[in-house]
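Chain residues, written in single-letter form:
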Amino acid sequence: MHLSRRTVLTSMVAAAAAPRWSFAADERRILVVYYSYTGHTGAVAEKLRALLGADLFEIQMRDPYPLDMQRAAEQSKYELETGELPPLFDGLPNLSKYDLILVGGPVWWNTITPPVMSFLEHTDFGGRKVAPFATYVLEPAHYERNFAAQARSASLLSSLMISEFEVTERLADKAIASWALKNLPKDGPQAL
């Protein structure tokens, strides 16, 4: 089949003009930081990474919680009540190369999990834009207010709260994309 020069050029122009959207922008660097115990928050973090073209950093404890959920719940409650937050692995990310940082974890005891609190305690955001995100079972409760109180020097954006039901039933993608379009800085989405 022989295509005319005009057909080829018209097709190339049409393809170039077709709107394709991406949040990934060469000049904007994004980091997604998260803690996940059961994998729900990790799944949301991975979806955010893919959508935004972001780097990913997992918060890891030196001594992870026990696999037994009851024991993990007791330990985390004790940490929250006493303020004895769990030590994290060394090597926190260098935030200086990022313009936007998303920080997330599950909602435990109506607030931020101790590993995320420990991360926030050791982090100065230096005025960078920060968007909290969380997965929850019943309701996010005090997560956003407590996050705002602990995120030092952060320019906070609206939070993304995803129920674990949305994650397990594969309904989270639409909620994540909708939140990103409405709440992330207006330099995204970028036309490619």
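What you are looking at is a predicted structure, and each value in this text was computed from that prediction instead of being measured.

1. Focus on the overall build of the protein chain
Argument step 1. A tally of regular secondary structure across the protein chain gives seven helices and nine strands.
Argument step 2. A buried classification covers 41% of the 192 residues belonging to the protein chain.
Argument step 3. The contacts of the protein chain with a sequence gap of at least 6 include a subset with a gap of at least 24, amounting to 80%.

2. As for helix α3 (residues 69-82)
Note that an α-helix has 3.6 residues per turn; residues three or four places apart therefore point the same way.
Argument step 1. Given a rise of 1.5 Å per residue, 14 residues ought to cover 20 Å, and the 20 Å separating the end C-alpha atoms of α3 matches this to within 8%.
Argument step 2. Among all positions of α3, only Ala72, Ser76 and Glu79 are buried. For α3, the angular spread of buried residues about the axis comes to 55°, placing them on one side. Away from its buried face, by an angle of more than 90 degrees, α3 presents the exposed residues Gln70, Arg71 and Glu81.
Argument step 3. Tucked inside the fold, the buried residues of α3 contact β4 (100-108) and α4 (114-121).
Argument step 4. For α3, the N-terminal capping position is held by aspartate 68, with its side-chain oxygen 2.9 Å away from the main-chain nitrogen of glutamine 70.
Argument step 5. At the C-terminal side of α3, glycine 83 shows a positive phi close to 80°.

3. With respect to the environment of alanine 43
Argument step 1. Looking at where alanine 43 falls in the secondary structure, it is placed in helix α2 (residues 40-52).
Argument step 2. The exposure class assigned to alanine 43 is partly exposed, which follows from its relative accessible area of 28%.
Argument step 3. Linking alanine 43 and threonine 135, residues 92 residues apart in sequence, is a C-alpha distance of 9.9 Å.

4. Quick word on the side chain of threonine 41
Argument step 1. In this fold, threonine 41 is placed in helix α2.
Argument step 2. In this view, threonine 41 contacts Tyr34, Tyr35, Ser36, Gly104, Gly105, Pro106, Phe133 and Thr135; residues no more than four positions away in its chain are not counted.

5. Considering the pairing of strand β6 (residues 129-136)
Argument step 1. The buried fraction of β6 amounts to seven of the eight residues, a majority that puts the element mostly inside the structure.
Argument step 2. Pairing analysis gives seven bridges linking β4 to β6, with the strands arranged parallel. Each bridged residue has a counterpart across the sheet, and for glycine 105 the counterpart in β6 is alanine 134.
Argument step 3. Across two bridges, the pairing between β6 and strand β7 (residues 155-156) is parallel. Residue lysine 129 lies in a different strand from β7, and its bridge partner there is serine 155.

6. What to know about the confidence of the model for the protein chain
Argument step 1. When pLDDT is averaged along the protein chain, the result is 83, and 82% of the positions lie at 70 or above.
Argument step 2. Low pLDDT, under 50, characterises residues 5-26; the stretch is placed with 22 contacts to residues that sit more than four places away or in other chains.
Argument step 3. Predicted confidence for residues 188-192 stays below pLDDT 50, and this span has 15 contacts to residues more than four positions away or in other chains.

Analysis parameters
- Residues numbered from 1 in each chain as written.
- Predicted model: local features only at pLDDT ≥ 70, side-chain atom pairs only at ≥ 80, totals over all residues.
- Heavy atoms only, no water.
- Helix = DSSP H or I, 4+ residues; strand = E, 2+ residues; numbered from the N terminus.
- Buried < 20%, exposed > 50% of the residue type's maximum accessible area, 1.4 Å probe, protein only.
- Contact = heavy atoms within 4.5 Å.
- Expected span 1.5 Å × (residues − 1).
- Arc of directions from axis to C-beta.
- Polar contact = N/O pair within 3.5 Å; in protein donor to acceptor, adjacent residues only side chain to side chain.
- Pairing = 2+ DSSP bridges.
- pLDDT = per-residue confidence, 0-100.

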